[in-house]
Amino acid sequence: MIRYLCALSFVFLLLVTTGCGPKSTRSLHSQRNLACLHALRDTDEGYQAAIDILQEVVKSEEVGFSDWLNLARAQVLHTKRASDAAMALAKARAIKADPGGTAALDYVTGLFLKSSESHQESFAAFERVLAVIPEHPETLYQSGYAAEKALLHEQARQRYQRLVDLKKLLRPASYRLSRVAIRLKDKATEREATKLFNAQDKDQKPEVKKCDLTTLDLVRFNRVSAEPKRVELSWSTGRKVAVPEAVRQVLPCPGVSPKDVDLFLVGEKTLYLSTNGGAAKPTGVTLEGKALGVVLDLDNKLGPEVVVGDDRGFLALHRGEGGAWKKSDVQFPAKVSGHAPVALAAFDVDHDGDVDVVVATAATKGKLLLLRNKGDGGFEWKTPFDTRFEIKGQVGRIDAHDLDQANDLDLLCPSGVGGVTALLNLRGEKYRPVAMTRLSERD
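Given the structure is predicted, the values throughout are model-derived calculations rather than measurements.

How each quantity is defined
- Residues numbered from 1 in each chain as written.
- Predicted model: local features only at pLDDT ≥ 70, side-chain atom pairs only at ≥ 80, totals over all residues.
- Heavy atoms only, no water.
- Core = buried A, V, L, I, M, F, W, Y, C linked by side-chain atoms within 4.5 Å.
- Buried < 20%, exposed > 50% of the residue type's maximum accessible area, 1.4 Å probe, protein only.
- Contact = heavy atoms within 4.5 Å.
- Phe/Tyr/Trp six-rings, centres within 6.5 Å; stacked < 30°, edge-to-face > 60°.
- Helix = DSSP H or I, 4+ residues; strand = E, 2+ residues; numbered from the N terminus.
- Pairing = 2+ DSSP bridges.
- Axes fitted to C-alpha atoms, helices over the stretch in contact; angles between N-to-C directions.

Asks: Describe the nonpolar core, with residues and values.
Replies: The nonpolar side chains of soluble globular proteins are, as a tendency, buried together. Judged by nonpolar contacts, the single largest core of 55 residues is most densely connected at L71, L89 and Y107. In contact with L89, other than residues within four places in its own chain, are A72, L105, V108, T109 and F112.

Pasting the structure below:
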């Protein structure tokens, strides 16, 4: 039986999930965020990846203080690249920054000078940080250590003693304090410090170098200029689109020319394509179960792709030579359940410049999972969301906004009858679920 899909008018917007032009590439903001993500791995490999990206970022006309500081941070934290940080530190210091930024710069400078055994200068840099943040634990420790190496034993004693008084970094601070007390021939302090050191957990290995001042910053950006332009496409016809079976979903996307619109029609058993309201033709893709699809830009190249998920798994289609749609060689991992997803959404969840797919597995007590785009033609499953997906009715939706103005995407999804859960992005593949007011109780 031939079904007819009324197609009197289609108006839709292509936003973040599609490419924004013939030269669509990773944006400057995405490069900055990707560098931060690599640095979070806390390995030389991660820091090297961050360095490689930031060395390209600093070539931009929009380079700023945070870019140079981030590059210096990655170089100093890399176990074999600390000596390379001199230029980045000098460039950052030549740019005016707020007191917090200057304190971070002085801290990283202190670490750089420590690596070159310039202990007197290193001590002076850490002291400048303490002038702004007097009780910063890692800075107190580093200042004490630099003073100790510079043979400024009384200053070192004062810094370590302050940490003991604050009850911060007790194991390393008490040990260094006992060493300094020996040099100062202060028997009482040596005994107290040694007693305190012996009382600490022997397996405790507190971090005394990396801290909030060494964490790479996300650089805020002008959303109007940095986000892809809204591309509005509209098309209308008095005809109805003939479809051989019932249609579950309509996926509009740009056609071959600016005047064309392709409509992917997700049927009960087949994926169809209609161009400009013409009769729906099979794409050659058969479907099992209640399939769903989403339009997105998988490869940062001209033109969008279409991803479809059914009971068997996921596949992608792209426009080949001559404008015809065909199956893509994008590799998807095996499904985590034997059923089609109940909701799909495409966002650059981790801000690495590649569009990811958020997947809801079931309408009741479903899992919310992430198909992370690895940027190499493949995807991998990630489970950063600690929540259950619940929808009432036939259609579920996942949306993304920067809810807390933290310069990253937070997610919204249904949970419970009439309820919504916000998933606040904590970065590093961590999200915090926050239950929202039940929508059924609101006008």
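Asks: Report on the packing of aromatic side chains, specifying residues and quantitative values.
Replies: Aromatic ring pairs are reported here in terms of the distance separating the ring centres and the angle at which the planes meet. What the rule picks out here adds up to seven aromatic pairs. Here the aromatic rings of Y107 and F126 are separated by 5.5 Å at their centres, their planes lie at 65°, and the arrangement is edge-to-face. Pair noted here: Y107 is in helix α5 (residues 99-115) and F126 is in helix α6 (residues 119-132), with a separation of 19 residues, a long-range link. Comparing Y107 with F126, the two get one shared label, buried.

Asks: I'd like a rundown of the sheet that holds strand β18 (residues 399-401), residues and numbers included.
Replies: Strand order in the open sheet formed by four strands is β18-β19-β20-β21, and the pairing between neighbours is antiparallel. Pairing within the sheet leaves two strands with one partner each, and these edge strands are β18 and β21 (431-435). Strand-to-strand twist across the sheet, computed as the mean angle between neighbouring axes with direction ignored, equals 25°. Of the strand pairs in this sheet, strand β19 (residues 410-414) and strand β20 (residues 420-425) are connected by four bridges, and their pairing is antiparallel. Bridge pairing links L412 to A422 in β20.

Asks: Describe the sheet that holds strand β10 (residues 305-310), with residues and values.
Replies: In spatial order, the strands read β9-β10-β11-β12; together these four strands make up an open sheet with antiparallel pairing. Unpaired on one side and paired on the other, β9 (292-296) and β12 (325-327) mark the two borders of the sheet. The sheet shows a mean angle of 25° between the axes of neighbouring strands, taken without regard to direction. As paired strands, strand β11 (residues 313-319) and β12 are joined by three bridges and run antiparallel to one another. Bridged to L317 within β12 is K327.

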